[in-house]
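Architecture at a glance
Residue-level listing of the chains:
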Amino acid sequence: MATQSKALIDDLKWRGLFSQSTDEGALIQALSKPTTLYIGFDPTAPSLHVGNLVVLLALRRFQLAGHIPIALVGGATGLIGDPSGKSEERSLNTTDVVVAWVERIRVQVSKYLDFNAKDNAAIVANNLDWTSPLSAIEFLRDVGKHFSVNQMLAKDSVSSRLEAGGISYTEFSYQVLQSFDFLELFRRHNCTLQLGGSDQWGNITAGLDLIRRVESGSAHALTIPLLAKADGSKFGKTAGGAIWLDPEMTSPYAFFQYWLNTDDKDVINFLKVFSFKSREEIEALEKSHSENPGAREAHRALARELTSLVHSAQICDRVEAAARALFGQGELSELDEATLTAALAELPRTTVKSGEPIPTWVDLLAATGVVDSKSAARRIVKEGGAYLNNAKISGEDFAPSKSDFLCGKYAVLRKGKRDLAAVELV
RNA sequence: GGCGGGUUGCCCGAGCGGCCAAUGGGAGGGGACUGUAAAUCCCCCGGCUCUGCCUUCGAAGGUUCAAAUCCUUCACCCGCCA
(Lines give C-alpha, C1' and ligand atoms only; values in the text may rest on other atoms or scores of the structure.)
Protein backbone atom coordinates (compact mmCIF):
# COMPACT_ATOMS: atom_id res chain seq x y z
CA MET A 1 0.00 0.00 0.00
CA ALA A 2 3.03 2.28 0.22
CA THR A 3 2.88 2.57 -3.55
CA GLN A 4 -0.76 3.56 -3.26
CA SER A 5 -0.02 6.28 -0.76
CA LYS A 6 2.78 7.51 -3.00
CA ALA A 7 0.26 7.63 -5.82
CA LEU A 8 -2.11 9.67 -3.68
CA ILE A 9 0.57 12.23 -2.90
CA ASP A 10 1.69 12.31 -6.52
CA ASP A 11 -1.87 12.91 -7.63
CA LEU A 12 -2.22 15.78 -5.15
CA LYS A 13 0.99 17.28 -6.48
CA TRP A 14 -0.16 16.96 -10.07
CA ARG A 15 -3.42 18.67 -9.18
CA GLY A 16 -1.59 21.55 -7.54
CA LEU A 17 -2.93 20.58 -4.13
CA PHE A 18 0.41 20.12 -2.42
CA SER A 19 2.09 23.11 -0.87
CA GLN A 20 4.28 21.64 1.85
CA SER A 21 4.29 18.80 4.28
CA THR A 22 6.25 17.40 7.15
CA ASP A 23 8.80 14.75 6.15
CA GLU A 24 7.37 13.38 2.94
CA GLY A 25 8.81 9.89 3.27
CA ALA A 26 7.36 9.52 6.74
CA LEU A 27 4.04 10.85 5.55
CA ILE A 28 3.86 8.36 2.70
CA GLN A 29 4.85 5.63 5.11
CA ALA A 30 2.08 6.65 7.51
CA LEU A 31 -0.47 6.80 4.73
CA SER A 32 0.29 3.26 3.70
CA LYS A 33 -2.16 2.31 6.45
CA PRO A 34 -5.64 3.83 6.83
CA THR A 35 -4.99 7.12 8.57
CA THR A 36 -7.31 9.46 10.41
CA LEU A 37 -6.93 13.06 9.27
CA TYR A 38 -8.76 16.31 9.82
CA ILE A 39 -9.46 19.76 8.47
CA GLY A 40 -11.02 22.56 10.46
CA PHE A 41 -13.67 24.97 9.22
CA ASP A 42 -14.40 28.04 11.27
CA PRO A 43 -17.89 29.51 11.08
CA THR A 44 -17.12 32.98 9.75
CA ALA A 45 -20.26 33.10 7.61
CA PRO A 46 -23.56 31.22 7.39
CA SER A 47 -22.20 29.09 4.55
CA LEU A 48 -18.99 27.73 3.12
CA HIS A 49 -17.88 29.20 -0.19
CA VAL A 50 -16.05 27.80 -3.20
CA GLY A 51 -12.70 28.62 -1.62
CA ASN A 52 -13.46 26.24 1.25
CA LEU A 53 -14.36 23.63 -1.30
CA VAL A 54 -10.70 23.22 -2.29
CA VAL A 55 -9.68 21.75 1.05
CA LEU A 56 -13.00 20.06 1.69
CA LEU A 57 -12.69 18.13 -1.55
CA ALA A 58 -9.09 17.29 -0.69
CA LEU A 59 -10.42 15.66 2.45
CA ARG A 60 -12.83 13.71 0.28
CA ARG A 61 -9.93 12.56 -1.88
CA PHE A 62 -8.30 11.10 1.21
CA GLN A 63 -11.47 9.28 2.13
CA LEU A 64 -11.73 7.86 -1.37
CA ALA A 65 -8.17 6.61 -0.91
CA GLY A 66 -9.26 4.69 2.17
CA HIS A 67 -8.47 7.12 4.97
CA ILE A 68 -10.74 8.32 7.74
CA PRO A 69 -11.72 11.98 7.42
CA ILE A 70 -12.75 14.24 10.27
CA ALA A 71 -14.40 17.52 9.44
CA LEU A 72 -13.93 19.77 12.43
CA VAL A 73 -16.35 22.64 12.79
CA GLY A 74 -14.88 25.46 14.83
CA GLY A 75 -17.59 26.21 17.34
CA ALA A 76 -14.86 27.41 19.70
CA THR A 77 -12.23 28.81 17.34
CA GLY A 78 -14.97 30.64 15.43
CA LEU A 79 -15.57 32.65 18.58
CA ILE A 80 -11.92 33.71 18.70
CA GLY A 81 -10.89 34.51 15.12
CA ASP A 82 -7.89 33.19 13.22
CA PRO A 83 -5.30 35.92 12.56
CA SER A 84 -3.74 33.89 9.69
CA GLY A 85 -3.84 35.82 6.46
CA LYS A 86 -5.65 38.75 8.05
CA SER A 87 -4.02 42.14 8.14
CA GLU A 88 -6.19 43.42 10.93
CA GLU A 89 -8.11 42.38 13.96
CA ARG A 90 -11.59 41.18 13.18
CA SER A 91 -14.68 42.07 15.09
CA LEU A 92 -16.16 39.24 17.12
CA ASN A 93 -19.47 37.66 16.20
CA THR A 94 -21.97 37.06 18.95
CA THR A 95 -22.16 33.55 20.37
CA ASP A 96 -25.68 32.87 19.14
CA VAL A 97 -24.70 33.86 15.62
CA VAL A 98 -21.70 31.52 15.76
CA VAL A 99 -23.83 28.70 17.16
CA ALA A 100 -26.28 29.08 14.27
CA TRP A 101 -23.49 29.15 11.69
CA VAL A 102 -21.81 26.09 13.21
CA GLU A 103 -24.97 24.08 12.71
CA ARG A 104 -25.37 25.15 9.09
CA ILE A 105 -21.74 24.43 8.27
CA ARG A 106 -21.88 21.07 10.00
CA VAL A 107 -24.73 20.06 7.71
CA GLN A 108 -22.99 21.46 4.66
CA VAL A 109 -19.69 19.75 5.30
CA SER A 110 -21.40 16.42 5.81
CA LYS A 111 -22.59 16.40 2.22
CA TYR A 112 -19.12 15.83 0.86
CA LEU A 113 -18.09 12.93 3.06
CA ASP A 114 -19.31 9.37 3.39
CA PHE A 115 -20.61 8.47 6.83
CA ASN A 116 -21.65 4.97 5.89
CA ALA A 117 -18.33 3.73 4.60
CA LYS A 118 -17.66 0.37 6.18
CA ASP A 119 -14.08 0.78 7.29
CA ASN A 120 -13.50 4.47 7.07
CA ALA A 121 -16.70 6.34 7.87
CA ALA A 122 -16.31 10.08 8.19
CA ILE A 123 -16.59 11.94 11.48
CA VAL A 124 -17.81 15.45 12.19
CA ALA A 125 -16.54 17.11 15.35
CA ASN A 126 -16.99 20.44 17.07
CA ASN A 127 -14.08 21.83 19.05
CA LEU A 128 -16.48 23.49 21.47
CA ASP A 129 -17.02 20.00 22.90
CA TRP A 130 -13.59 19.90 24.50
CA THR A 131 -12.81 23.56 24.98
CA SER A 132 -15.96 24.69 26.76
CA PRO A 133 -15.59 22.31 29.77
CA LEU A 134 -12.09 23.64 30.31
CA SER A 135 -11.60 26.40 32.88
CA ALA A 136 -9.21 29.25 32.18
CA ILE A 137 -6.87 28.00 34.89
CA GLU A 138 -6.86 24.45 33.52
CA PHE A 139 -6.27 25.78 30.05
CA LEU A 140 -3.30 27.86 31.13
CA ARG A 141 -1.78 25.07 33.24
CA ASP A 142 -2.44 22.06 31.03
CA VAL A 143 -2.17 23.56 27.57
CA GLY A 144 -0.58 26.97 27.81
CA LYS A 145 2.44 25.71 29.70
CA HIS A 146 3.61 23.84 26.61
CA PHE A 147 3.82 26.94 24.48
CA SER A 148 6.75 29.25 24.21
CA VAL A 149 5.75 32.83 23.54
CA ASN A 150 8.98 33.25 21.61
CA GLN A 151 7.85 30.61 19.15
CA MET A 152 4.34 31.93 19.02
CA LEU A 153 5.63 35.38 18.15
CA ALA A 154 7.72 33.94 15.37
CA LYS A 155 4.70 32.54 13.53
CA ASP A 156 4.03 34.45 10.37
CA SER A 157 0.40 35.06 11.28
CA VAL A 158 1.50 36.85 14.44
CA SER A 159 4.70 38.59 13.35
CA SER A 160 3.07 40.14 10.29
CA ARG A 161 0.33 41.47 12.49
CA LEU A 162 2.80 42.91 14.97
CA GLU A 163 4.23 44.93 12.15
CA ALA A 164 0.90 46.08 10.80
CA GLY A 165 -1.81 47.10 13.20
CA GLY A 166 -1.10 44.91 16.20
CA ILE A 167 -2.91 41.88 17.51
CA SER A 168 -5.14 41.25 20.49
CA TYR A 169 -4.41 38.61 23.12
CA THR A 170 -7.54 36.85 21.87
CA GLU A 171 -6.33 36.29 18.32
CA PHE A 172 -2.80 35.70 19.54
CA SER A 173 -4.18 32.69 21.43
CA TYR A 174 -5.74 31.19 18.34
CA GLN A 175 -2.81 28.92 17.51
CA VAL A 176 -2.99 27.44 20.99
CA LEU A 177 -6.62 26.51 20.52
CA GLN A 178 -5.99 24.99 17.12
CA SER A 179 -3.07 23.01 18.52
CA PHE A 180 -5.27 21.79 21.31
CA ASP A 181 -7.82 20.62 18.73
CA PHE A 182 -5.18 18.52 17.00
CA LEU A 183 -4.11 17.07 20.34
CA GLU A 184 -7.67 16.19 21.28
CA LEU A 185 -8.37 14.56 17.92
CA PHE A 186 -5.12 12.67 18.28
CA ARG A 187 -6.26 11.40 21.68
CA ARG A 188 -9.87 10.67 20.76
CA HIS A 189 -9.53 9.35 17.24
CA ASN A 190 -5.83 8.71 16.78
CA CYS A 191 -5.87 11.50 14.21
CA THR A 192 -2.32 11.89 12.94
CA LEU A 193 -2.61 14.23 9.98
CA GLN A 194 -3.96 17.73 9.60
CA LEU A 195 -4.71 19.30 6.24
CA GLY A 196 -5.23 22.98 5.67
CA GLY A 197 -4.65 25.95 3.41
CA SER A 198 -1.03 27.03 3.17
CA ASP A 199 -1.75 29.90 5.55
CA GLN A 200 -2.43 27.25 8.21
CA TRP A 201 1.10 25.88 8.29
CA GLY A 202 2.06 27.73 11.46
CA ASN A 203 -1.07 26.67 13.32
CA ILE A 204 -0.70 23.06 12.23
CA THR A 205 2.95 22.69 13.17
CA ALA A 206 2.19 24.21 16.56
CA GLY A 207 -0.20 21.29 17.02
CA LEU A 208 2.49 18.79 16.04
CA ASP A 209 4.76 20.23 18.73
CA LEU A 210 2.02 19.97 21.31
CA ILE A 211 1.29 16.34 20.46
CA ARG A 212 4.97 15.52 20.72
CA ARG A 213 5.36 17.24 24.08
CA VAL A 214 2.22 16.00 25.74
CA GLU A 215 1.74 12.56 24.27
CA SER A 216 5.16 11.88 22.80
CA GLY A 217 3.15 11.24 19.66
CA SER A 218 4.10 11.76 16.09
CA ALA A 219 1.75 13.38 13.61
CA HIS A 220 1.96 14.96 10.18
CA ALA A 221 1.01 18.14 8.37
CA LEU A 222 0.04 18.78 4.77
CA THR A 223 -0.94 22.13 3.36
CA ILE A 224 -2.70 23.02 0.16
CA PRO A 225 -1.83 26.15 -1.84
CA LEU A 226 -4.32 28.96 -1.76
CA LEU A 227 -5.93 28.92 -5.16
CA ALA A 228 -4.76 31.74 -7.39
CA LYS A 229 -6.30 32.99 -10.62
CA ALA A 230 -4.30 33.76 -13.72
CA ASP A 231 -5.14 37.46 -13.63
CA GLY A 232 -4.14 37.78 -9.98
CA SER A 233 -7.62 38.55 -8.74
CA LYS A 234 -9.03 36.71 -5.78
CA PHE A 235 -10.57 33.33 -6.49
CA GLY A 236 -14.22 32.82 -5.68
CA LYS A 237 -15.18 36.46 -5.49
CA THR A 238 -17.38 38.34 -7.90
CA ALA A 239 -18.91 41.79 -7.91
CA GLY A 240 -21.81 40.36 -5.93
CA GLY A 241 -19.49 38.87 -3.32
CA ALA A 242 -18.35 35.32 -2.67
CA ILE A 243 -19.72 32.28 -4.46
CA TRP A 244 -21.47 30.35 -1.69
CA LEU A 245 -22.37 26.70 -1.54
CA ASP A 246 -25.74 27.52 0.00
CA PRO A 247 -28.34 27.74 -2.80
CA GLU A 248 -30.16 30.49 -0.90
CA MET A 249 -27.05 32.63 -1.00
CA THR A 250 -25.81 31.81 -4.50
CA SER A 251 -28.44 30.36 -6.80
CA PRO A 252 -27.51 27.13 -8.59
CA TYR A 253 -27.94 29.04 -11.84
CA ALA A 254 -25.42 31.67 -10.76
CA PHE A 255 -23.17 28.91 -9.44
CA PHE A 256 -23.17 27.13 -12.79
CA GLN A 257 -22.57 30.39 -14.64
CA TYR A 258 -19.62 31.20 -12.38
CA TRP A 259 -17.76 28.08 -13.46
CA LEU A 260 -18.86 28.33 -17.08
CA ASN A 261 -17.37 31.81 -17.26
CA THR A 262 -13.99 30.73 -15.90
CA ASP A 263 -11.03 32.38 -17.59
CA ASP A 264 -9.54 30.07 -20.25
CA LYS A 265 -6.19 30.33 -18.53
CA ASP A 266 -7.63 28.91 -15.32
CA VAL A 267 -10.01 26.25 -16.50
CA ILE A 268 -7.59 23.32 -16.62
CA ASN A 269 -6.12 24.19 -13.24
CA PHE A 270 -9.59 24.40 -11.78
CA LEU A 271 -10.45 21.00 -13.19
CA LYS A 272 -7.37 19.55 -11.52
CA VAL A 273 -8.24 21.15 -8.21
CA PHE A 274 -11.98 20.55 -8.07
CA SER A 275 -12.75 17.64 -10.34
CA PHE A 276 -12.63 13.98 -9.42
CA LYS A 277 -11.99 13.07 -13.03
CA SER A 278 -8.87 11.07 -13.66
CA ARG A 279 -5.67 12.53 -14.96
CA GLU A 280 -6.37 10.99 -18.36
CA GLU A 281 -9.82 12.54 -18.58
CA ILE A 282 -8.53 15.96 -17.62
CA GLU A 283 -5.67 15.74 -20.09
CA ALA A 284 -8.20 14.85 -22.80
CA LEU A 285 -10.20 17.95 -21.91
CA GLU A 286 -7.03 20.01 -21.97
CA LYS A 287 -6.35 18.78 -25.47
CA SER A 288 -9.84 19.50 -26.77
CA HIS A 289 -9.78 22.89 -25.11
CA SER A 290 -6.54 23.92 -26.75
CA GLU A 291 -7.77 22.68 -30.12
CA ASN A 292 -11.11 24.39 -29.96
CA PRO A 293 -11.38 26.83 -27.07
CA GLY A 294 -14.59 28.33 -28.41
CA ALA A 295 -16.50 25.13 -27.75
CA ARG A 296 -15.67 25.48 -24.05
CA GLU A 297 -15.86 21.79 -23.39
CA ALA A 298 -13.59 22.03 -20.39
CA HIS A 299 -15.65 24.88 -18.94
CA ARG A 300 -18.83 22.92 -19.38
CA ALA A 301 -17.33 19.80 -17.77
CA LEU A 302 -16.17 21.87 -14.81
CA ALA A 303 -19.51 23.62 -14.37
CA ARG A 304 -21.45 20.39 -14.72
CA GLU A 305 -19.39 18.38 -12.30
CA LEU A 306 -19.36 21.01 -9.58
CA THR A 307 -23.00 21.99 -9.89
CA SER A 308 -23.96 18.31 -9.73
CA LEU A 309 -21.75 17.74 -6.73
CA VAL A 310 -22.77 20.81 -4.74
CA HIS A 311 -26.44 20.94 -5.72
CA SER A 312 -27.48 17.79 -7.57
CA ALA A 313 -27.42 16.27 -11.02
CA GLN A 314 -31.07 17.14 -11.40
CA ILE A 315 -30.62 20.78 -10.52
CA CYS A 316 -27.56 20.90 -12.74
CA ASP A 317 -29.61 19.68 -15.70
CA ARG A 318 -32.21 22.29 -14.96
CA VAL A 319 -29.91 25.27 -14.80
CA GLU A 320 -27.95 24.12 -17.81
CA ALA A 321 -31.14 23.72 -19.82
CA ALA A 322 -32.22 27.17 -18.68
CA ALA A 323 -28.96 28.69 -19.85
CA ARG A 324 -29.21 26.89 -23.16
CA ALA A 325 -32.74 28.17 -23.73
CA LEU A 326 -31.91 31.73 -22.73
CA PHE A 327 -28.54 32.03 -24.46
CA GLY A 328 -29.43 29.88 -27.44
CA GLN A 329 -29.47 31.06 -31.01
CA GLY A 330 -33.22 30.67 -31.40
CA GLU A 331 -35.85 33.28 -30.70
CA LEU A 332 -37.10 33.42 -27.15
CA SER A 333 -40.62 33.67 -28.52
CA GLU A 334 -40.23 30.25 -30.06
CA LEU A 335 -39.77 28.55 -26.71
CA ASP A 336 -42.80 26.70 -25.44
CA GLU A 337 -44.29 27.75 -22.17
CA ALA A 338 -43.00 24.79 -20.17
CA THR A 339 -39.41 25.37 -21.28
CA LEU A 340 -39.68 29.07 -20.66
CA THR A 341 -41.21 28.60 -17.22
CA ALA A 342 -38.46 26.20 -16.25
CA ALA A 343 -35.70 28.40 -17.59
CA LEU A 344 -36.96 31.58 -15.98
CA ALA A 345 -37.43 29.84 -12.64
CA GLU A 346 -33.65 29.93 -12.23
CA LEU A 347 -33.37 33.70 -12.65
CA PRO A 348 -33.80 36.66 -10.34
CA ARG A 349 -37.34 37.83 -10.86
CA THR A 350 -40.09 40.32 -10.18
CA THR A 351 -43.81 40.27 -10.77
CA VAL A 352 -46.35 42.64 -12.27
CA LYS A 353 -50.06 42.45 -11.52
CA SER A 354 -52.00 42.01 -14.71
CA GLY A 355 -54.58 44.70 -13.98
CA GLU A 356 -51.98 47.36 -13.20
CA PRO A 357 -49.92 49.55 -15.51
CA ILE A 358 -46.61 47.99 -16.49
CA PRO A 359 -43.62 49.77 -14.92
CA THR A 360 -40.71 51.00 -16.99
CA TRP A 361 -37.80 48.72 -17.92
CA VAL A 362 -35.67 50.65 -15.42
CA ASP A 363 -38.08 50.08 -12.56
CA LEU A 364 -38.49 46.43 -13.43
CA LEU A 365 -34.76 45.74 -13.53
CA ALA A 366 -34.25 47.51 -10.22
CA ALA A 367 -37.06 45.41 -8.76
CA THR A 368 -35.31 42.16 -9.71
CA GLY A 369 -32.24 43.15 -7.73
CA VAL A 370 -29.88 42.69 -10.65
CA VAL A 371 -28.76 46.29 -10.13
CA ASP A 372 -28.36 48.15 -6.87
CA SER A 373 -30.38 51.22 -7.77
CA LYS A 374 -32.57 52.79 -10.39
CA SER A 375 -29.72 55.10 -11.26
CA ALA A 376 -27.66 52.07 -12.15
CA ALA A 377 -30.51 50.71 -14.27
CA ARG A 378 -30.84 54.06 -16.06
CA ARG A 379 -27.15 54.07 -16.76
CA ILE A 380 -27.46 50.68 -18.40
CA VAL A 381 -30.17 51.99 -20.73
CA LYS A 382 -28.17 55.11 -21.55
CA GLU A 383 -25.09 53.04 -22.35
CA GLY A 384 -26.97 50.69 -24.65
CA GLY A 385 -26.85 47.58 -22.52
CA ALA A 386 -30.58 47.15 -21.96
CA TYR A 387 -32.53 44.36 -23.59
CA LEU A 388 -36.08 43.11 -23.49
CA ASN A 389 -36.53 39.56 -24.77
CA ASN A 390 -33.05 39.79 -26.27
CA ALA A 391 -33.87 42.92 -28.27
CA LYS A 392 -32.08 46.14 -27.41
CA ILE A 393 -34.28 48.87 -26.03
CA SER A 394 -33.57 52.57 -25.63
CA GLY A 395 -35.04 55.51 -23.81
CA GLU A 396 -35.17 55.73 -20.04
CA ASP A 397 -38.96 55.79 -20.10
CA PHE A 398 -39.35 52.64 -22.13
CA ALA A 399 -41.91 50.27 -20.65
CA PRO A 400 -42.83 46.83 -21.97
CA SER A 401 -46.33 46.47 -23.31
CA LYS A 402 -48.69 43.61 -22.81
CA SER A 403 -47.68 42.03 -26.11
CA ASP A 404 -44.07 41.82 -24.96
CA PHE A 405 -44.98 39.13 -22.47
CA LEU A 406 -44.10 35.77 -23.98
CA CYS A 407 -46.85 33.21 -23.69
CA GLY A 408 -48.79 36.07 -22.16
CA LYS A 409 -46.79 35.68 -18.95
CA TYR A 410 -43.09 36.36 -19.09
CA ALA A 411 -40.71 39.09 -20.12
CA VAL A 412 -36.95 38.55 -20.09
CA LEU A 413 -34.79 41.47 -19.03
CA ARG A 414 -31.13 41.47 -19.90
CA LYS A 415 -28.40 43.74 -18.60
CA GLY A 416 -25.30 43.67 -20.71
CA LYS A 417 -24.18 40.45 -22.25
CA ARG A 418 -25.10 37.85 -19.70
CA ASP A 419 -27.09 39.17 -16.79
CA LEU A 420 -30.68 37.98 -17.08
CA ALA A 421 -33.81 38.48 -15.03
CA ALA A 422 -37.46 37.55 -15.40
CA VAL A 423 -40.67 39.51 -15.11
CA GLU A 424 -43.79 37.52 -14.52
CA LEU A 425 -47.29 38.79 -15.14
CA VAL A 426 -49.60 37.50 -12.43
C1' G B 1 -2.19 58.77 32.36
C1' G B 2 0.76 62.55 28.96
C1' C B 3 2.22 64.26 24.01
C1' G B 4 1.92 63.72 18.75
C1' G B 5 -0.33 61.55 14.16
C1' G B 6 -4.70 59.48 12.02
C1' U B 7 -10.32 58.08 10.80
C1' U B 8 -12.72 60.50 3.22
C1' G B 9 -17.23 56.97 -1.46
C1' C B 10 -16.54 48.97 -2.54
C1' C B 11 -10.73 49.17 -1.45
C1' C B 12 -6.23 52.27 -1.50
C1' G B 13 -5.74 57.32 -1.28
C1' A B 14 -5.74 63.18 -2.53
C1' G B 15 -8.32 67.43 -0.73
C1' C B 16 -7.22 71.27 4.56
C1' G B 17 -13.21 77.38 4.50
C1' G B 18 -16.62 78.69 -1.26
C1' C B 19 -14.75 76.64 -8.11
C1' C B 20 -16.57 69.42 -3.78
C1' A B 21 -20.83 64.35 -4.86
C1' A B 22 -15.33 65.53 -3.69
C1' U B 23 -8.39 64.51 -7.90
C1' G B 24 -5.88 59.79 -8.92
C1' G B 25 -5.37 54.37 -8.90
C1' G B 26 -7.65 49.57 -8.23
C1' A B 27 -12.09 46.75 -8.21
C1' G B 28 -16.85 46.90 -10.66
C1' G B 29 -20.44 48.06 -14.81
C1' G B 30 -21.84 49.18 -20.33
C1' G B 31 -20.25 49.28 -25.56
C1' A B 32 -16.94 47.61 -29.75
C1' C B 33 -14.16 42.94 -31.03
C1' U B 34 -15.12 37.61 -29.66
C1' G B 35 -16.68 32.20 -27.66
C1' U B 36 -21.85 33.80 -22.01
C1' A B 37 -13.34 33.64 -22.45
C1' A B 38 -8.84 36.80 -22.23
C1' A B 39 -6.25 41.01 -24.08
C1' U B 40 -7.20 45.81 -26.28
C1' C B 41 -9.83 50.48 -27.22
C1' C B 42 -14.06 53.94 -25.87
C1' C B 43 -17.52 55.27 -22.04
C1' C B 44 -19.74 55.04 -16.97
C1' C B 45 -19.30 54.49 -11.78
C1' G B 46 -23.69 58.23 -4.26
C1' G B 47 -29.17 58.43 -4.51
C1' C B 48 -33.84 60.37 -6.41
C1' U B 49 -40.06 62.06 -8.43
C1' C B 50 -32.95 63.89 -12.53
C1' U B 51 -31.36 70.57 -16.88
C1' G B 52 -32.99 70.23 -10.51
C1' C B 53 -33.16 68.21 -5.65
C1' C B 54 -31.45 65.05 -1.50
C1' U B 55 -27.79 62.47 1.57
C1' U B 56 -22.39 61.58 2.22
C1' C B 57 -15.97 62.75 4.02
C1' G B 58 -15.48 58.31 12.29
C1' A B 59 -19.98 60.35 15.93
C1' A B 60 -22.46 64.47 18.21
C1' G B 61 -22.58 69.61 18.89
C1' G B 62 -20.77 74.64 17.47
C1' U B 63 -18.50 79.02 14.51
C1' U B 64 -19.66 81.06 9.46
C1' C B 65 -23.67 83.89 4.34
C1' A B 66 -20.82 79.14 3.30
C1' A B 67 -17.34 73.34 6.55
C1' A B 68 -14.66 67.05 4.23
C1' U B 69 -11.81 71.46 5.42
C1' C B 70 -12.08 75.86 11.63
C1' C B 71 -13.56 74.99 17.18
C1' U B 72 -15.46 71.58 21.30
C1' U B 73 -16.58 66.85 23.21
C1' C B 74 -16.75 61.57 22.38
C1' A B 75 -15.20 56.79 20.02
C1' C B 76 -11.61 53.89 17.63
C1' C B 77 -6.55 53.15 15.43
C1' C B 78 -1.09 54.19 15.23
C1' G B 79 3.55 56.10 17.38
C1' C B 80 6.56 58.03 21.43
C1' C B 81 6.82 58.80 26.76
C1' A B 82 5.02 57.27 31.80
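Residues numbered from 1 in each chain as written. Chains lettered and ligands numbered in written order. Predicted model: local features only at pLDDT ≥ 70, side-chain atom pairs only at ≥ 80, totals over all residues. Heavy atoms only, no water.

**Overview of the overall build of chain A**
Convention followed: By definition, any uninterrupted DSSP run of H or I lasting at least four residues is a helix, any uninterrupted run of E lasting at least two residues is a strand, and each is numbered from the N terminus. The rule is simple: take the accessible area with a 1.4 Å probe, protein chains only, and divide by the maximum for that residue type; under 20% is buried, over 50% is exposed, in between is partly exposed. Should any heavy atoms of two residues lie within 4.5 Å, those residues are considered in contact. Note that His is not counted, nor are the chain ends; the positive residues are Lys and Arg, and the negative ones are Asp and Glu. By convention, the point assigned to a charge is CZ for Arg, NZ for Lys, CD for Glu and CG for Asp.
A count of helices and strands for chain A gives 20 helices and 13 strands. In terms of principal-axis extent, the alpha carbons of chain A reach across some 80 × 45 × 40 Å. Put simply, chain A has 426 residues, and 48% of those count as buried. Long-range contacts, defined as pairs at least 24 residues apart, comprise 73% of the intrachain contacts of chain A with a sequence gap of at least 6. Here chain A carries 46 positive and 52 negative side-chain charges, and the mean point of each set is 1 Å from the other.

**A short note on the packing of aromatic side chains**
As a reminder of what qualifies: Pairing of aromatic rings covers Phe, Tyr and Trp, the last through its six-membered ring, and needs centres within 6.5 Å; plane angles under 30 degrees mean stacked, over 60 mean edge-to-face, and all others mean tilted. To sit over a ring, a charge needs its Lys NZ or Arg CZ within 6 Å of the ring centre and within 35 degrees of the ring normal.
Under the defined criterion, the tally for this structure stands at six aromatic pairs. Consider the rings of Phe-255 and Trp-259, whose centres lie 6.0 Å apart with planes at 70 degrees: the pair is edge-to-face. Of the two residues, Phe-255 and Trp-259 both sit in helix H13 (residues 252-260), four residues apart, roughly one turn of that helix. On the accessibility criterion, Trp-259 (0% relative accessible area) is buried. Ring geometry for Phe-270 against Phe-274: centres 6.1 Å apart, planes inclined by 85 degrees, an arrangement best described as edge-to-face. Pair noted here: Phe-270 and Phe-274 are both in helix H14 (residues 264-274), with a separation of four residues, about one helical turn. Phe-274 carries the same exposure label as Phe-270, and that label is buried. Here Lys-13 stacks its cationic end above the ring of Phe-18, 5.0 Å away from the centre of that ring.

**What to know about the domain arrangement of chain A**
It is common to give the size of an interface as the accessible area lost on bringing the parts into contact. Let me state the cut-off plainly: Residue ranges labeled as domains rest on an automatic or database domain assignment. The term buried area means the drop in 1.4 Å probe accessible area that two parts suffer when joined, counted for both and summed.
Partitioning chain A into domains gives domain 1 (2-224), domain 2 (237-327) and domain 3 (337-425). Once you take the C-alpha centre of each, domain 2 and domain 3 turn out to be 26 Å apart. The interface of domain 2 with domain 3 comprises nine residues on the first partner and nine residues on the second. Surface buried jointly by domain 2 and domain 3 totals about 810 Å² across both partners, of which 68% is contributed by carbon and sulfur atoms. Interface area lost by domain 2 to domain 3 is led by Tyr-253, Leu-326 and Phe-327, which between them contribute 58%.

**Comments concerning the protein's contact with RNA strand B**
Counted only if it meets this: Near residues are defined by distance, with any heavy atom within 4 Å of the molecule or strand qualifying the residue. The term polar contact refers here to a pair of N or O atoms within 3.5 Å; inside protein, the definition further demands a hydrogen-donor-capable atom paired with an acceptor-capable atom, and it admits residues adjacent in sequence only when both atoms are side-chain atoms. Throughout this entry, Asp, Glu, Lys and Arg are counted as charged residues, while Ala, Val, Leu, Ile, Met, Phe, Trp, Tyr, Cys and Pro are counted as nonpolar. The remaining residues, Gly among them, count as polar.
Taken together, 29 residues sit near RNA strand B, with Gln-257, Asn-261, Asp-264, Ser-375 and Arg-378 positioned nearest. Each atom of RNA strand B within 4 Å of the protein was classed as base or backbone; sugar and phosphate made up 65%. Within the side chain of Gln-257, one N or O atom sits 2.7 Å away from a base oxygen of RNA strand B. One of the side-chain N or O atoms of Asp-264 is found 2.7 Å from a base nitrogen in RNA strand B. Only H13, H14, helix H17 (313-327) and helix H20 (374-382) provide two or more residues apiece to the surface near RNA strand B. Here the element with the most residues in the surface near RNA strand B is H20; it accounts for five residues. Looking at the surface near RNA strand B residue by residue, the classes come out as seven nonpolar, eleven polar and eleven charged.

**Focus on the environment of Tyr-387**
The topology assignment puts Tyr-387 in strand E10 (residues 386-388). With relative accessibility at 16%, the residue Tyr-387 sits in the buried group. In sequence terms Tyr-387 and Ala-45 are 342 residues apart; their C-alpha atoms lie 35 Å from each other.

**Considering the environment of Leu-388**
Mapping Leu-388 onto the fold places it in strand E10. Taking the relative accessible area as the measure of exposure, Leu-388 reaches 6% and is therefore buried. Measuring from C-alpha to C-alpha, the distance between Leu-388 and Arg-378 comes to 14 Å, with ten residues separating the pair along the chain. Residues contacting Leu-388, with those up to four places away along its chain left out, are Trp-361, Ile-393, Phe-398, Pro-400, Asp-404, Ala-411, Val-412 and Leu-413.

**Quick notes on a nonpolar patch on the surface**
To keep things clear, this is the line we draw: Patch building starts from residues that exceed 30% relative accessible area and form no salt bridge, then joins like charges within 9 Å and nonpolar side chains (Val, Leu, Ile, Met, Phe, Trp, Tyr) within 5 Å. Note on areas: these come from Shrake-Rupley sampling with a 1.4 Å probe, and a residue is covered only by the protein chains present in the view. Within this document, salt bridges are pairs made up of a side-chain nitrogen of Lys or Arg and a carboxyl oxygen of Asp or Glu, the two lying within 4 Å of each other.
Taken together, the side chains of Val-149, Leu-153 and Leu-162 define a hydrophobic patch exposed on the protein surface, amounting to about 240 Å² of accessible area. Note that Leu-153 resides in helix H8 (residues 149-154).

**Overview of the packing of H14 against helix H15 (residues 279-291)**
Inclusion rule: Where helices are involved, their axes are fitted lines through C-alpha atoms of the stretch in contact, as for all axes, and angles between N-to-C directions lie from 0 to 180°. Our angle categories are set so that under 35 degrees counts as roughly parallel, over 145 as roughly antiparallel, 65 to 115 as roughly perpendicular, and the remainder as oblique.
Packing of H14 against H15 leaves a shortest axis separation of 10 Å and a crossing angle of 170 degrees. Classified by the angle their axes make, H14 and H15 are roughly antiparallel. Contacts between H14 and H15 involve Asp-264, Val-267, Ile-268, Leu-271 and Lys-272 from the former and Ile-282, Leu-285, Glu-286 and His-289 from the latter. Of the residues belonging to the contact of H14 with H15, the class tally is five nonpolar, one polar and three charged.

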